Amino acid sequence: MYTQSFNVPDQANDTPTAGAAASLKAVPAPLSISEAALQADFDARIDADGRIEPQDWMPEAYRKTLVRQISQHAHSEIVGMLPEGNWISRAPSLKRKAILIAKVQDEGGHGLYLYSAAETLGTSRDQMFDALHTGRAKYSSIFNYPTLTWADVGVIGWLVDGAAIMNQIPLCRCSYGPYARAMVRVCKEESFHQRQGYEALLVMMSGTDEQRAMVQDAVNRWWWKCLAMFGPPDADSPNSAQGMRWGIKRISNDALRQKFVDATVPQAKVLGVTLPDPDLKWNETRQQHDYGAIDWDEFWATVNGNGPCNKERLGTRVKAWNEGQWVRDAALAHARKQQARRMLEAA
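Residues numbered from 1 in each chain as written. Predicted model: local features only at pLDDT ≥ 70, side-chain atom pairs only at ≥ 80, totals over all residues. Heavy atoms only, no water.

S.K.: Looking at this structure, I do not really get the overall build of the protein chain. What am I missing?
M.R.: The helix and strand tally for the protein chain stands at 13 helices and two strands. On C-alpha atoms alone, the protein chain measures out to a radius of gyration of 22 Å, which is about the 20 Å that the 2.2 N^0.38 rule sets for 347 residues. Projecting the C-alpha coordinates of the protein chain onto the three principal axes gives extents of approximately 70 × 60 × 40 Å. Scored against the burial criterion, the 347 residues of the protein chain give a buried share of 47%. (Helix = DSSP H or I, 4+ residues; strand = E, 2+ residues; numbered from the N terminus. Rg over C-alpha atoms; globule rule 2.2 N^0.38 Å. Buried < 20%, exposed > 50% of the residue type's maximum accessible area, 1.4 Å probe, protein only.)

Following this line, the structure appears as structure tokens:
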């Protein structure tokens, strides 16, 4: 699942603090002749819509941006397993339980693909996990809300994964090769996740009045949070311009959000639910839907660790990491034994 925090610094000290000195930025050292040539080659490849591979020279700022974005994306996939995983033992049927187990397992796999892609940039998985577990790294704010009913699982599939697909398809054309290639499989699986979520809601909407009310309640709670998933408005997202210049980001936050709204309105009509926005209406002049104002105060409060489930989600991840230490130790011991055996056989 995509994380809007791709545009959000990991650490609080990445953003300016109060005071005149804090607003000053270090002047980068001038490039040497060889570095200038490498920079020119890099820029030419980006301008030609080419791919940057791990062995290629890249500016340090490009590398750092990718490490932050890809690791945040990976963290979001791993933490994103928790809200739905909470319902595995309470799924209403064996069929739904099997589907949900497979989906949660997919999300774990997405995290592994992305951690591997980030490792090609010179960062270690231990470093990324440490940043997550100590609260220095961010993940998508959408996963800091509770899943109160079974309908939430379907709505997450339909809306949250739908927003993820809208965000992730352009990443298949990201300028960094390992990231782009990882996203191809991720997008295929997320597309299936959205379809199964929508199908689960269709079944509920053909059921009892209580089931239909449950679906509408879940839509009411998740709709605005999904719109915020695309990140702050373009005017408040200063990193987006550089990301688009480098070919990391292909479409702006506001453009992606608009595409999502326009695609979701007809789906909601077929489903038979009302999207909770009195200002939502078709604009004939723009040939797009107008929609209401997003509560950005809630968004930033959740991003900064003050959402309803932030502490619970992070605590669960840290607990799982600590309790899984013996598994990692056993795997490493087995790998050492296998290596020793191969060396003995080769001697």
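Let's pick the thread back up.
S.K.: What is the right way to look at the nonpolar core in this model?
M.R.: Nonpolar side chains in soluble globular proteins tend to be buried together. Ranked by size, the top nonpolar core spans 76 residues in total, and within it Tyr62, Ile70, Trp158, Tyr176, Tyr179 and Phe260 carry the most contacts. Aside from chain neighbours lying at most four places away, what touches Ile70 is Leu114, Ala117, Ala118, Leu121, Tyr176 and Tyr179. (Core = buried A, V, L, I, M, F, W, Y, C linked by side-chain atoms within 4.5 Å. Contact = heavy atoms within 4.5 Å.)

S.K.: Any chance you could explain the packing of aromatic side chains here in plain terms?
M.R.: Each aromatic ring pair is specified by the distance between its two centres and by the angle formed by the two planes. Evaluated as defined, the whole model comprises twelve aromatic pairs. The interplanar angle of 55 degrees and the centroid separation of 5.7 Å between the aromatic rings of Trp158 and Tyr198 together place this pair among those described as tilted. With a gap of 40 residues between them, Trp158 in helix α6 (residues 150–168) and Tyr198 in helix α7 (residues 177–205) connect regions that are remote in the sequence. Owing to a relative accessible area of 1%, Trp158 belongs among the buried residues under this scheme. A ring pair is formed by Trp223 and Phe260, whose centres lie 5.9 Å apart and whose planes are at 20 degrees; its orientation type is stacked. Taken together, the residues Trp223 in helix α8 (residues 209–228) and Phe260 in helix α10 (residues 253–271) connect sequence positions 37 residues apart. (Phe/Tyr/Trp six-rings, centres within 6.5 Å; stacked < 30°, edge-to-face > 60°.)

S.K.: What's the story with the packing of helix α2 (residues 60–79) against α7 in this structure? I'm lost.
M.R.: Two quantities define a packed helix pair, namely the angle between the helix axes and the distance between the axes. One can describe the packing of α2 onto α7 by two numbers: an axis separation of 13 Å at closest approach and a directional angle of 25 degrees. Our classification of the angle between α2 and α7 gives roughly parallel. Crossing hand, α2 versus α7: left-handed. The residues of α7 that touch α2, namely those facing Leu66, Gln69, Ile70, His73 and Glu77, are Tyr179, Met183, Val186 and Glu190. Of the residues belonging to the contact of α2 with α7, the class tally is five nonpolar, two polar and two charged. (Axes fitted to C-alpha atoms, helices over the stretch in contact; angles between N-to-C directions. Parallel < 35°, antiparallel > 145°, perpendicular 65-115°, else oblique. Left-handed = near helix turned anticlockwise from the far one by under 90°. Nonpolar A, V, L, I, M, F, W, Y, C, P; charged D, E, K, R; others polar.)

S.K.: How should I be thinking about the side chain of Gln39 in this particular structure?
M.R.: On the secondary structure map, Gln39 appears in helix α1 (residues 33–47). Taking the relative accessible area as the measure of exposure, Gln39 reaches 19% and is therefore buried. In this structure Gln39 touches Leu31, Trp57 and Pro59, once residues within four positions along its chain are discounted.

S.K.: Looking at this structure, how should I read α6?
M.R.: Within an α-helix, residues lying three or four positions from one another point in the same direction, as the helix has 3.6 residues per turn. The end-to-end C-alpha distance of α6, which contains 19 residues, comes to 26 Å, matching closely the 27 Å that a straight helix rising 1.5 Å per residue would cover. Maximum bend of α6: about 35 degrees, positioned at Ile156. Counting buried positions over the 19 residues of α6 gives 19, a clear majority of the element. (Expected span 1.5 Å × (residues − 1). Bend = angle between axes of the 7 residues up to and from the residue.)

S.K.: It is not clear to me how empty space enclosed by the protein should be interpreted in this structure. Could you clarify?
M.R.: Think of a ball as big as a water molecule: rolled over the atoms, this probe shows where empty space is left. Per the stated rule, a full pass over the model turns up one cavity of 30 Å³ or more. By volume, the largest cavity amounts to about 80 Å³. Of all the secondary structure elements, the ones that give two or more residues to the lining of the largest cavity are α4 (94–119), α6 and α7. Per-element tally for the lining of the largest cavity: the top contributor is α4, with four residues. Of the residues contributing to the lining of the largest cavity, the split by class is five nonpolar, three polar and two charged. (1 Å grid on protein atoms, 1.4 Å probe; cavity = no way out; pocket = protein on both sides within 12 Å on 5 of 7 lines; lining within 4 Å. Points joined across faces, edges and corners; volume = space filled by probe spheres on them.)

S.K.: I tried to follow the packing of α4 against α6 on my own but got confused; where do I start?
M.R.: The geometry of α4 relative to α6 is characterised by a closest axis approach of 13 Å and an angle of 45 degrees between their N-to-C directions. It follows that α4 is oblique to α6 by the angle criterion. Crossing of α4 over α6 shows left-handed handedness. For the pair α4 and α6, the contacting residues are Arg96, Leu100, Lys103 and Glu107 in the first and Trp150, Val153, Ile156, Gly157 and Asp161 in the second. Residues belonging to the contact of α4 with α6 are distributed by class as follows: four nonpolar, one polar and four charged.

S.K.: Teacher, can you tell me more about the pattern of salt bridges here?
M.R.: Any two side chains of opposite charge can pair, given that their charged atoms come close. For the structure shown, the criterion picks out 19 salt bridges. One salt bridge connects Asp130 with Arg136, and the closest N-O pair in it is separated by 2.6 Å. A salt bridge links Lys319 to Glu323, with the shortest nitrogen-to-oxygen separation between them at 3.0 Å. Placement of the pair is Lys319 and Glu323 together in helix α12 (residues 310–323), with a separation of four residues, close to one helical turn. Classification of Glu323 as partly exposed rests on a relative accessible area of 49%. Here the salt bridges do not stand alone but share partners, grouping Glu84, Lys103 and Asp161 into one network. (Salt bridge = Lys/Arg side-chain N within 4 Å of Asp/Glu carboxyl O.)

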